[in-house]
Amino acid sequence: MPSAASRSSISASLSSSCSLLVDDAPIGVLMFHFVAPVSFDPEYRAVLVAVAHHSAQAIDRARLYESAQQARIDAEAANRSKDDFLSIVSHELRTPLTAVLGWASMLRKGGLDAPRTTRAVDAICSNATRQAQLIDELLDVSRLVGGRAVFELRDIDLRDTLRGVVEAVMPVAEAKGIEVCLGAHPTVPVTADPRRLEQVFLNLLTNAVKFTAPS
């Protein structure tokens, strides 16, 4: 029950008010309006103060419920963001690792001729470097938290990017009985971040191999 010192005065008038208090802190004012002057006795004044007190409690409970609901929504959004992040990270890290393991397995079996052995070694080095770069980006926590993507624009030949992507997915494609060929193509100069562009093509080609039925 609010103390007498913290209440607004209630007297004989056409309107009166009571402070709405929660833990002795004001959160609003409850106004009473009458069609004729009223002279309040102590009992009637106590009733009005009690109404104000219960109103303050109801408002406080509503605010707490709203805060709890918002906290739940925020937590669910954070969980979804975490799941999405882990899914993307898992996919990005697994792709070059799959290429390394695939080419290493083909080398261990000893069935590659000299040119393909050279390609296998190059592909292993390229994909190991790609994975190391991805790990470095993940460890840059400040950039991740700030949502800052760093782009390093260069003039590149698209043929080199496509050649590396094809070689990365070739072991998986061959394991499924799918032939991936890189035909003759002209020089295609572009200005882009080579790593980002490579990730785009790698994701496209990886999904193409994944969802293509074996021949």
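As a reminder, the structure under discussion sits directly above these lines.
Each value, and the rule that gives it
Residues numbered from 1 in each chain as written. Predicted model: local features only at pLDDT ≥ 70, side-chain atom pairs only at ≥ 80, totals over all residues. Heavy atoms only, no water. Core = buried A, V, L, I, M, F, W, Y, C linked by side-chain atoms within 4.5 Å. Buried < 20%, exposed > 50% of the residue type's maximum accessible area, 1.4 Å probe, protein only. Helix = DSSP H or I, 4+ residues; strand = E, 2+ residues; numbered from the N terminus. Expected span 1.5 Å × (residues − 1). Contact = heavy atoms within 4.5 Å. Polar contact = N/O pair within 3.5 Å; in protein donor to acceptor, adjacent residues only side chain to side chain. Axes fitted to C-alpha atoms, helices over the stretch in contact; angles between N-to-C directions. Parallel < 35°, antiparallel > 145°, perpendicular 65-115°, else oblique.

## Structural notes on the nonpolar core
In step 1: Ranked by size, the top nonpolar core spans 13 residues in total, and within it Trp-103, Leu-112, Ala-173, Ile-178, Val-180 and Val-209 carry the most contacts.
In step 2: In this structure, Leu-20, Val-49, Ala-52 and Ala-56 belong to the second largest nonpolar core, which totals eight residues.

## Comments concerning helix α5 (residues 194-210)
In step 1: Over its 17 residues, α5 runs 24 Å from end to end, which matches the ideal 24 Å to within 8%, given 1.5 Å per residue.
In step 2: Here α5 has its buried residues at Pro-194, Arg-196, Leu-197, Glu-198, Gln-199, Leu-202 and Val-209.
In step 3: Where α5 is buried, its residues meet α1 (42-109), α2 (114-139), β3 (154-157), α4 (158-175) and β4 (189-192).
In step 4: Its side-chain oxygen at 3.0 Å from the backbone nitrogen of Arg-195, Asp-193 defines the N-terminal cap of α5.

## Looking at the side chain of Gln-199
In step 1: Tracing the backbone shows Gln-199 in helix α5.
In step 2: Setting aside its immediate chain neighbours within four residues, Gln-199 contacts Glu-92 and Leu-134.

## Some remarks on the packing of α1 against α5
Geometry of a packed helix pair, given as the angle between the helix axes and the separation of the axes.
In step 1: Relative to each other, α1 and α5 sit at 80°, their axes nearing to 11 Å. By the criterion of interaxial angle, the relationship of α1 to α5 is roughly perpendicular. When α1 is examined against α5, the residues His-91, Glu-92 and Thr-95 are found in contact with a partner set consisting of Gln-199, Leu-202, Asn-203 and Thr-206.

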